[in-house]
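In case you want the letters, here they are:
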Amino acid sequence: METAPAFALICGVPHAISPEFTQGIECFSVTNGPRQVEPLREIGHQHVIVEIDLHPKTLGVRDIVESEFGAVIRSL
């Protein structure tokens, strides 16, 4: 029998993950817009971080845009 992880760090588009996959798992989610905070909390994400400047950086672009949060995680 497979056990669920104690926590999950979800970056990028956390609302794209169905709540059935995160049920019972403590979620730390990083999103690009403040409008996603409450909907994410409503589906069980306990910790929601907004990378404020990421949304404007990604509008209309066709390439990968580095996030500050991602850069910090990679530097660790």
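The structure contained in this document is the topic of the report that follows.

## Here we look at the packing of aromatic side chains
Phase 1 of the analysis: In total, this model carries one aromatic pair according to the counting rule given.
Phase 2 of the analysis: Relative to Phe-28, the ring of Phe-7 lies with its centre 6.2 Å away and its plane at 90 degrees, an arrangement referred to as edge-to-face. Of this pair, Phe-7 sits in strand S1 (residues 7-11) while Phe-28 sits in strand S2 (residues 26-31), and the two are 21 residues apart along the sequence.

## A word on the pattern of salt bridges
Phase 1 of the analysis: Scanning the entire structure with this criterion turns up two salt bridges.
Phase 2 of the analysis: Here Arg-41 ties to Glu-38 by a salt bridge, and the two come within 3.6 Å at their closest N and O atoms. Highlighted residues: Arg-41 and Glu-38, both in helix H2 (residues 37-42), separated by three residues, approximately one helical turn.
Phase 3 of the analysis: A relative accessible area of 41% means that Arg-41 is categorised as partly exposed.
Phase 4 of the analysis: Among the salt bridges present, the one from Arg-74 reaches Glu-66, with a minimum N-O distance of 2.9 Å.
Phase 5 of the analysis: For Arg-74, a relative accessible area of 57% translates into the label exposed.
Phase 6 of the analysis: Assessed through its relative accessible area of 51%, Glu-66 is described here as exposed.

The rules behind each value
Residues numbered from 1 in each chain as written. Predicted model: local features only at pLDDT ≥ 70, side-chain atom pairs only at ≥ 80, totals over all residues. Heavy atoms only, no water. Phe/Tyr/Trp six-rings, centres within 6.5 Å; stacked < 30°, edge-to-face > 60°. Helix = DSSP H or I, 4+ residues; strand = E, 2+ residues; numbered from the N terminus. Salt bridge = Lys/Arg side-chain N within 4 Å of Asp/Glu carboxyl O. Buried < 20%, exposed > 50% of the residue type's maximum accessible area, 1.4 Å probe, protein only.

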